[in-house]
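The residues making up each chain are set out below.
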Amino acid sequence: MKVLIVGNCSTRAFTEFFKKCFPNWETRAVLLVQANDWVEEQNEAFLSYVESADVFVGLTDRECIKSIVPTSALNVFIPSFDFFGYLPDCIFLPGITSPLGLGVIHSRIAASAYLAGRNEEETLKLFNKEHFNLLGYFDEFDKCRDKLLSKFNAHDIDLSEKFESWTQDGNFLYTVNHPHTSIFFDIVHIAMKNHFPDMLNSNDVESARLTVENYMADSVIWPMYPEIAEYHGLVTTPDKWRTSQIHEQGKHMNLEQFIHSSFELYKGVNKFTESTISKLGGMNEIRRLAGYDSLDANVIQQA
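Residues numbered from 1 in each chain as written. Predicted model: local features only at pLDDT ≥ 70, side-chain atom pairs only at ≥ 80, totals over all residues. Heavy atoms only, no water.

Participant: Hey, could you run me through the overall build of the protein chain in this one?
Facilitator: Looking only at helices and strands, the protein chain has 16 helices and ten strands in total. Taking 19 Å as the expected radius of gyration for a compact globule of 303 residues, we find that the protein chain reaches 21 Å, a close match to that expectation. C-alpha atoms of the protein chain, sized along the principal axes, occupy 65 × 45 × 35 Å. Counting all 303 residues of the protein chain, 49% fall into the buried class. Contacts in the protein chain between residues far apart in sequence, at least 24 positions, make up 65% of those at least 6 positions apart. (Helix = DSSP H or I, 4+ residues; strand = E, 2+ residues; numbered from the N terminus. Rg over C-alpha atoms; globule rule 2.2 N^0.38 Å. Buried < 20%, exposed > 50% of the residue type's maximum accessible area, 1.4 Å probe, protein only. Contact = heavy atoms within 4.5 Å.)

This is the structure in structure tokens:
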């Protein structure tokens with residue numbers, strides 16, 4: 001059997017799963033952006049393997065892949081992972097590089113405070129239990145869990161049992177879309193068990209899972225805020241933001257440093273587009289996130 005894995009940050013974990021659990025299969029993997037380039041370039045070696053592959057796994061719904069998957073092949077689509085339940089302040093703002101230097105992940109509060117005219121000192125005081133409560137941050141866990149499970153259930157990947165086991169170990173996230181690498185391993189295991197149940201021995205899979213390298217730990221880190229960790233009965237670990245340490249030593253930032261880094265970044269943005277403002281919920285929501293809403297107008301004074 002020949003397998004082609006297509007994805008982003010999960011690709012390496014998916015590849016390890018196949019090499020450990022289906023050692024006699026030929027497994028190759030490609031990042032989505034590279035696959036797109038090779039399709040456009042009509043790369044002969046890549047297209048030849050695609051033509052002969054029996055199983056396609058990962059982000060197979062993307063146009064560049066969907067158009068070349070043979071109809072005779074098994075197509076196992078696995079949605080991208082994101083869970084905001086422990087990190088409800090996070091938001092993706094396309095087109096604006098993250099203060100962490102990689103990706104487009106930002107703080108809802110920090111970005112909104114900047115747009116609403118707050119200074120750094122005022123913004124720092126917005127990161128407190130009262131404000132988080134008014135923003136509904138403590139209510140996000142159940143909503144985000146249900147959303148995640150529903151997203152994968154739509155493709156016959158039932159994560160409910162595994163999700164409960166993930167939470168037993170506390171915070172399993174480095175950022176909202178970067179979990180501990182073993183999470184990706186679990187996801188592809190469940191997806192493939194639907195198609196090859198007799199070929200996957202649970203004890204062998206668990207042994208293989210324990211040997212998976214946790215490469216996600218070297219990428220960027222977004223901490224669970226202490227107030228949210230306390231609400232969920234967890235310890236805040238890690239307790240600081242950190243840039244990627246894949247290519248160089250990671251830089252750690254406390255809350256004050258993170259806000260400063262965010263504001264310096266936003267000063268360099270020529271114009272916040274309508275789509276960015278819309279992504280944050282519009283100007284009324286931006287003012288609420290920044291503590292100007294009538295319901296929490298005194299949140300800064302109380303902090």
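Structure's up, so let's keep going.
Participant: Help me out: how do you make sense of the pairing of strand 2 (residues 26–31) in this one?
Facilitator: Walk down a regular strand and you will see the side chains alternate between the two sheet faces. When strand 1 (residues 2–7) meets strand 2, the two strands line up parallel, connected through six bridges. Directly across from Val3, in strand 2, lies its bridge partner Thr27. Between the parallel elements strand 1 and strand 2, the chain passes through helix 1 (residues 11–21) in a crossover that is right-handed. (Pairing = 2+ DSSP bridges. Right-handed = clockwise from strand over helix to strand, strands pointing away.)

Participant: Would you take a moment to explain the packing of helix 1 against helix 10 (residues 181–193) for this structure?
Facilitator: The packing of two helices is summarised by the inter-axis angle and the distance between the axes. As a packed pair, helix 1 and helix 10 sit with axes 8 Å apart at the nearest point and diverge in direction by 60°. As far as their axial angle goes, helix 10 and helix 1 are oblique. Two packed elements cross with a definite hand, and for helix 1 against helix 10 that hand is right-handed. Residues Ala13, Phe14, Glu16, Phe17, Phe18 and Cys21 of helix 1 form the contact with helix 10, whose participating residues are Thr181, Phe184, Phe185, Val188, His189 and Met192. Residue classes in the contact of helix 1 with helix 10 are distributed as nine nonpolar, two polar and one charged. (Axes fitted to C-alpha atoms, helices over the stretch in contact; angles between N-to-C directions. Parallel < 35°, antiparallel > 145°, perpendicular 65-115°, else oblique. Left-handed = near helix turned anticlockwise from the far one by under 90°. Nonpolar A, V, L, I, M, F, W, Y, C, P; charged D, E, K, R; others polar.)

Participant: What should I look at first to understand the pattern of salt bridges in this one?
Facilitator: For the coordinates displayed, the defined rule picks out 13 salt bridges. A salt bridge links Arg62 to Asp61, with the shortest nitrogen-to-oxygen separation between them at 2.6 Å. Under the relative-accessibility criterion, Arg62 is labelled partly exposed at 30%. Using a relative accessible area of 34% as the deciding quantity, one classes Asp61 as partly exposed. Taken together, the salt bridges that share partners define one network made up of Asp142, Arg145 and Asp146. (Salt bridge = Lys/Arg side-chain N within 4 Å of Asp/Glu carboxyl O.)

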